[in-house]
Amino acid sequence: MTTIDRPTYRIVGTRPIRPDGVEKVTGKAQYGADVRLPNLIQGRILRSPHAHARILSIDTSEAEKTPGVFAVLTHKDFPVAEDKIEELGESAVNLKELSDNILASDKVLYKGHAVAAVAAINGHVAEEALKKIRVEYEVLPPVLDVRDAMREDAPLLSETRFTKSMSGQASDKPSNIAAITRFQGGNVEEAFAAADHIVEREFTTKMVHQGYIEPQNSTASWNSDGTLTIWTSTQGAFVVRAQVAEVLRLPVSKIRVIPMEIGGGFGGKIPIYLDPVATLLSKKAGRPVKLVMNRTEVFMATGPTSGSSIKLKMAEKDGIITAVQAEMAYEAGAYPGSPVGAGAMTMLSPYNIENFVIDAYDVVVNKPKVSAYRAPGAPVSAFATETAIDELAKAAGMDPLEFRLKNSAHEGTRMVTGVPFPRIGHEECVRAALESPHYQSPIEGPNRGRGVASGFWFNAGLQSSVSVAVNVDGTVNLIEGSTDIGGTRASLAMQLAETLGIPYDDVKPIVADTDSVGHNDVTGGSRTTFASGLAVVEAAKDIQAQMISRASKLLNAPEGELRYEDGAVVSSDGSKRIPFAEIAAAQGRTGGPIYGNASLMARGVGGAYATHIVDVEVDPDTGKVTVLRYTAVQDVGTAIHPSYVEGQIQGGVAQGIGWALNEEYYYNEDGTLANASFLDYRMPTTLDVPAIDTVLVEVPNPGHPYGVRGVGEVPIVPPLAAVANAVAEATGHRFTDLPISPRRVVEELHGLA
Amino acid sequence: MENFDYLAPRSLTEAYAALGSGRTSLMLAGGTDVIVQLREGRKQCDQLIDLKHIPELMSYGFAADGTLEIGAAVPLAQLYEDPEVRRRQPALCDAATIIGGTAIQSRATLGGNLCNASPAADSSPALIALGALLVIGSDRGTGEVPVEAFFAGPGRSSLQPGEILLQVRIPALGAREGAYYHRFIPRNEMDIAVASAGVRIGLDESDRIVSARVALGAVAATPLFVPSAAEALIGQPATRETFEKAGAAAAAAATPITDMRGSAAQRKHLVSVLTVRALERALERIREAR
């Protein structure tokens, strides 16, 4: 459903088949696990059995003697890494910590932390050899919960970590609180004093995993000339190259990263885990080495997103939200870098709130280092905000959507950082939600309830490069470097076809390796259709200019009298016209190949808003929550390929429903992740999620020629709160701890806890 | 995974001989548990004995007295796809249709599910409630044991070295008897029971309960037979009030733990809910059959 008029396009807004579709549905697409090379050997990783311990010694001698073993690796084989921050697009990483996370040096900081690696003739031999590695540990007490880790007497993950704040060092003693950030505006005390109603709540959420189907994998081949090739599953081949170069102290020019097809990432495939290990094993063994994680390793040792604890106080006067005070602490896992800052910066973004103080704590705990997960940090802070808003709307006697509309942010409203918003579409989303058939229909029956919530995500711009080669048959090759996760081959090819005025089927997109295209940042931050799309439009304009120049020769007309229009070059008086295919066919005799390029740092990012409506039914005897109906309204700017936009929205909602109802990292006291499998880490199945209705609101982003806004992340922001608000309606109980699992519901409703 | 030999005996004699070889053996009836356990290093063996080529273990049928006799290696799908099995033993199918997905059910077996001895197994409470007997064989002969006496602890059955579970015997349900098995899982698929309950009740002409069996899953170290719940039912009218007393007795008998699948308090509560619901549905089955 499109609710706002936009220009009529020829291809933008249609739903063609994706270029990679046939290969994927016929099983021909090549993923990292499919890599086969001559003399390929297999690697395996030894992982810590302790959540927190000092490594006293590692004896690999017996493993090395095992027949069939080619190489054994420990952190001693790594160059000493610097304490230096590397930007990865949606996240940044300290290289010393990245290196220590890939293979532990002095300490292991979570159960499953990689300690050593073996490459052998096959996986079975490698596993046998792992058992022969002797590691002596001094076991230390672990700290697993964010609030426990913040206590003065908590076990310290690092004796040399002091709390940082925006003004510098904020602690004189070592601490697990890596950083404190404050966002402040107006006068909170006065606003609370004058309020009609105040809500004060504490919220907790657990670590959750992205749950991509394809485990991390890497195959590396070290060549005798000192060059290196890596085949891997990643959201950004260039970011793998940069990280491997930094960790192993290699020039980027020596490294070629070949991105394989990706079986899901959601932010989790931005950091590297296996690539440097495969590389150094290959260097030692003199053979290419392949590493593929199993599911348990993925859960235990790759980056989920933070568990959190949020204390929130919010005030309302005359239907206006007047003040917010929040103290939010996010678990970073073993090393600093939780998305608490993004959580703080997004939590009030749908609204115009004058007075606020938000304190954000980044806290290390003995669990895996978190990585990005779809709108990192925003879903749990929105869970807190949108729950409190629901209660204030009730207190004010207002419909929850009308209350949100009355308080909505709009163009010019300042974010908590002080930056004013450009044209945004939150009001349009709330209005569309109010008018939706879902919200217009009553919800009836016992134990049922309806909830709503809004959410915001910034979206990213960053760097993109593309090249476009025109073929003599009038088709074009689009050479891009953005991992295709959600259909971006299609969405980029469509923008190219639209701009060139040629058929969609005449564009053949290819995701190239790091030696074959200019730099591209990750597919992350909902940026690819927007930013690589900008590059595609620029490259198309480059092609248009070249086409005009060639047509000038073919038509014997001055370039100044020609313009590019609807897939042809035409003279200004309309008397002469030569189509794209004819100019393409003549390129060899009009000056050689026609080849367009564009490289840019994308500006003009448009933020994304969503408003969701959900109906649930709660079984009061078993505590099971069934999602009956779900409608997701989202400002998508312009939907280039509406089916893939809807797919992104539905996928985000499904993940959000899982997060709200069942997903959690469940730790035993000793720091063992007890549910490191898809059996016990309960993501929703197809039977747990209803058909999700989508409403695409199109408020074009003025920063993109077709009005594109990133769409992939914001749909996971509202569901946690929307579901919680619906459960509150259904049960009369306000759940402030996620997940709202049957256990939690039944314990609450029957007073069992 | 360490190396092991794979054996596929064609007769019980061959299978007993293999078991007596002195090497560490594991048996494969469907493989949907044991292969995973071997791959994950949770079990080791010198030899894996595939039972799916032994004719006696791969057949099933109704005896003259109505007893359903099921070879230990018969795939679950074969059972529940048989209309006669569905009609005469619906509670067995309650369990057989929810052990894994369709692909798993085409391999998985009652023998495997029982010998894996998970406290949360779906077949065990159903079979205990149905009063099933297990036929155990060795090269010294065969014997019978009630299902409730088959379990020794989590992952441990009472099978002795050299013994094979050959057959499951489920007595026929009488005209005024009904049975039902169900479990609670947080999702609607792909899950293991947080708690489960199987029941069988028999009524007299005046709808008074004259026989009852109640069994529970996932709330003790083994599948749990609960005679005290049966005592709360026998002699009583088949009413909600009676069923709730049985539910309370079942909850009192349960000794659950707290783990990632659920808490002890939640499980005790669920036992009562599930027992009552199972009894209501068993009663419905009796009424529908009339």
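Residues numbered from 1 in each chain as written. Chains lettered and ligands numbered in written order. Predicted model: local features only at pLDDT ≥ 70, side-chain atom pairs only at ≥ 80, totals over all residues. Heavy atoms only, no water.

Caption draft 1: Representation of the overall build of chain A in the model. When helices and strands are tallied, chain A shows 20 helices and 30 strands. The C-alpha atoms of chain A give a radius of gyration of 27 Å, which matches the 27 Å a tight globule of 753 residues would have. Within chain A, the fraction of its 753 residues that count as buried is 63%. Considering only contacts within chain A whose residues lie at least 6 apart along the sequence, 79% involve residues at least 24 apart. Averaging the coordinates of the 69 positive side-chain charges in chain A and doing the same for the 90 negative ones gives two points 5 Å apart. (Helix = DSSP H or I, 4+ residues; strand = E, 2+ residues; numbered from the N terminus. Rg over C-alpha atoms; globule rule 2.2 N^0.38 Å. Buried < 20%, exposed > 50% of the residue type's maximum accessible area, 1.4 Å probe, protein only. Contact = heavy atoms within 4.5 Å. Lys, Arg positive; Asp, Glu negative; His and termini not counted. Charge placed at Lys NZ, Arg CZ, Asp CG, Glu CD.)

Caption draft 2: Region of the structure containing the overall build of chain B. Tallying secondary structure elements over chain B gives eleven helices and 14 strands in all. The C-alpha radius of gyration of chain B comes to 19 Å, within 12% of the 19 Å expected for a compact globule of 290 residues. Over its C-alpha atoms, taken along the principal directions, chain B stretches across nearly 55 × 45 × 35 Å. Split into buried and exposed, the 290 residues of chain B put 55% on the buried side. The contacts in chain B between residues at least 6 apart in sequence include a share of 61% that link residues at least 24 apart. Element-wise, carbon and sulfur atoms account for 51% of the exposed surface of chain B, whose accessible area totals about 11700 Å². (Areas by Shrake-Rupley, 256 points an atom, 1.4 Å probe, with all protein chains shown as cover.)

Caption draft 3: Representation of the packing of helix H15 (residues 488–500) of chain A against helix H16 (residues 528–555) of chain A in the model. Residues and elements named next belong to chain A. Here H15 crosses H16 at 30°, and the two axes come no closer than 9 Å. On the basis of their axis angle, the class for H15 and H16 is roughly parallel. Every pair of crossing elements has a handedness; the one defined by H15 and H16 is right-handed. Contacts between H15 and H16 involve Thr 488, Ser 491, Leu 492, Gln 495, Leu 496, Thr 499 and Leu 500 from the first element and Thr 528, Thr 529, Ser 532, Gly 533, Val 536, Val 537, Ala 540, Ile 543 and Gln 544 from the second. In terms of residue class, the contact of H15 with H16 is made up of seven nonpolar, nine polar and no charged. (Axes fitted to C-alpha atoms, helices over the stretch in contact; angles between N-to-C directions. Parallel < 35°, antiparallel > 145°, perpendicular 65-115°, else oblique. Left-handed = near helix turned anticlockwise from the far one by under 90°. Nonpolar A, V, L, I, M, F, W, Y, C, P; charged D, E, K, R; others polar.)

Caption draft 4: Local environment of the sheet that holds strand E29 (residues 625–635) of chain A. Residue and element names in this part refer to chain A. Spatially, E20-E28-E29-E30 is the arrangement adopted by the four strands of the open sheet, whose pairing is mixed. Taken across any chain shown, the strands that pair with only one partner, and hence form the sheet edges, are strand E20 (448–457) and strand E30 (692–697). Geometrically, the sheet is characterised by an average inter-axis angle of 15° between neighbouring strands, direction not taken into account. When strand E28 (residues 608–618) meets E29, the two strands line up antiparallel, connected through nine bridges. When the bridges of E29 are listed, Thr 611 appears paired with Val 633. Those strands touched by helix H19 (residues 719–731) are E20, E28 and E29, and its axis lies near 160° from that of E20. (Pairing = 2+ DSSP bridges.)

Caption draft 5: Region of the structure containing the sheet that holds strand E3 (residues 69–74) of chain A. Residues and elements named next belong to chain A. A sheet is described by the order of its strands in space; here seven strands give the open sequence E3-E7-E1-E16-E13-E14-E15, paired in mixed fashion. A strand with exactly one partner marks an edge of an open sheet, and here the two such strands are E3 and strand E15 (255–259). For this sheet, the mean inter-axis angle between neighbouring strands, taken without regard to orientation, is 20°. Across six bridges, strand E1 (residues 41–47) lies against strand E7 (residues 114–120) in antiparallel orientation. Considered in E7, the bridge of Ile 45 is made with Ala 117.

Caption draft 6: Main features of the pairing of E29 of chain A. Residue and element names in this part refer to chain A. For E29, the buried fraction is high: eight of the eleven residues fall into the buried class. Remark: six residues form the turn of the hairpin made by E28 and E29, two consecutive strands paired antiparallel; Gly 623 in that turn has positive phi of roughly 80°. Inspection of the sheet shows E29 paired to E30 by six bridges, in the parallel sense. From the neighbouring strand, Val 633 faces E30, where its bridge partner is Val 695. As for the winding sense of the linkage, the β-α-β connection from E29 through helix H18 (residues 642–661) to E30 is right-handed. (Right-handed = clockwise from strand over helix to strand, strands pointing away.)

Caption draft 7: Up close: the interface of chain A and chain B. At the interface, 28 residues of chain A touch 24 residues of chain B. Roughly 2400 Å² of surface becomes buried between chain A and chain B when both sides are summed, with 52% attributable to carbon and sulfur atoms. On the chain A side of the interface with chain B, the three residues burying the most area are Lys 624, Leu 679 and Arg 682 of chain A, jointly 24% of the side's total. Our count for the contact surface shared by chain A and chain B stands at four salt bridges. In this assembly, chain A and chain B are joined by 15 residue pairs in polar contact (both at pLDDT 80 or more). Here the residues of the side of chain A that touches chain B are counted per class, giving eleven nonpolar, six polar and eleven charged. (Buried area = accessible area lost by both parts, 1.4 Å probe. Salt bridge = Lys/Arg side-chain N within 4 Å of Asp/Glu carboxyl O. Polar contact = N/O pair within 3.5 Å; in protein donor to acceptor, adjacent residues only side chain to side chain.)

Caption draft 8: Representation of the side chain of Thr 672 of chain A in the model. Residues and elements named next belong to chain A. Secondary-structure assignment places Thr 672 in the loop between H18 and E30. Within polar-contact distance, the side chain of Thr 672 engages the side chain of Lys 111 at 3.0 Å. Residues in contact with Thr 672, not counting those within four places in the same chain, are Lys 111, Tyr 666 and Tyr 667.

Caption draft 9: Representation of the domain arrangement of chain B in the model. Residues and elements named next belong to chain B. For chain B, the assigned domains read domain 1 (5–170) and domain 2 (177–289). Of the residues lining the interface, 23 residues belong to domain 1; the matching set on domain 2 comes to 22 residues. Overall, the association of domain 1 and domain 2 removes approximately 1700 Å² of surface from exposure, summing both partners, and the carbon and sulfur fraction of that is 64%. A per-residue breakdown of the area domain 1 buries against domain 2 is headed by Pro 119, Pro 125 and Ala 129, which together make up 28% of the total. The partner of Arg 285 in a salt bridge is Asp 94, and the shortest N-O contact between them spans 2.8 Å. Where domain 1 packs against domain 2, one counts nine residue pairs in polar contact (both at pLDDT 80 or more). Ranked by residue count, the leading element in the side of domain 1 that touches domain 2 is helix H8 (residues 123–129), at five residues. Looking at the side of domain 1 that touches domain 2 residue by residue, the classes come out as 15 nonpolar, five polar and three charged. (Domains from an automatic or database assignment.)

Caption draft 10: How the structure looks around the domain arrangement of chain A. Residues and elements named next belong to chain A. Domain boundaries in chain A define domain 1 (21–28 + 461–602) and domain 2 (377–408 + 420–459 + 606–749). With 15 residues of domain 1 at the interface, the matching set in domain 2 holds 16 residues. Approximately 1200 Å² of surface area, both sides summed, lies buried where domain 1 meets domain 2, with 66% of it carried by carbon and sulfur atoms. Contact with domain 2 buries area across many residues of domain 1, yet Met 494, Ser 526 and Phe 530 alone supply 39% of it, more than any other trio. On inspection of domain 1 and its partner domain 2, the count reaches zero salt bridges. Counting the contacts that link domain 1 with domain 2 gives five residue pairs in polar contact (both at pLDDT 80 or more). Breaking the side of domain 1 that touches domain 2 down by element, the ones donating at least two residues are H15 and H16.

Caption draft 11: Highlighting the pattern of salt bridges. Counted according to the given criterion, the structure contains 57 salt bridges over all chains. Salt-bridge contacts for Arg 169 of chain B lead to Glu 144 of chain B; the nearest nitrogen and oxygen are separated by 2.4 Å. Residue Arg 169 of chain B is found in strand E10 (residues 164–170), and its partner Glu 144 of chain B is found in strand E7 (residues 141–146); the two are separated by 25 residues along the sequence. Owing to a relative accessible area of 27%, Arg 169 of chain B belongs among the partly exposed residues under this scheme. Here the residues in one salt-bridge network are Arg 18, Asp 20, Lys 24, Glu 261, Asp 484 and Arg 489 of chain A, joined through shared partners.

Caption draft 12: Spotlight on the nonpolar core. Residue and element names in this part refer to chain A. The biggest cluster of nonpolar side chains holds 102 residues, and the ones touching the most others in it are Leu 312, Met 328, Ile 358, Val 616 and Tyr 630. If you tally residues by element for this core, the top one is helix H11 (residues 378–395), at nine residues. Beyond its immediate stretch of four places on either side in the chain, Tyr 630 contacts His 438, His 612, Ile 613, Val 614, Val 653, Ile 657, Pro 690, Ala 691, Ile 692, Asp 693, Pro 719 and Ala 722. Core analysis: the next-biggest nonpolar cluster, separate from the first, contains 47 residues, Tyr 9, Ala 535, Ile 543 and Phe 580 among them. (Core = buried A, V, L, I, M, F, W, Y, C linked by side-chain atoms within 4.5 Å.)

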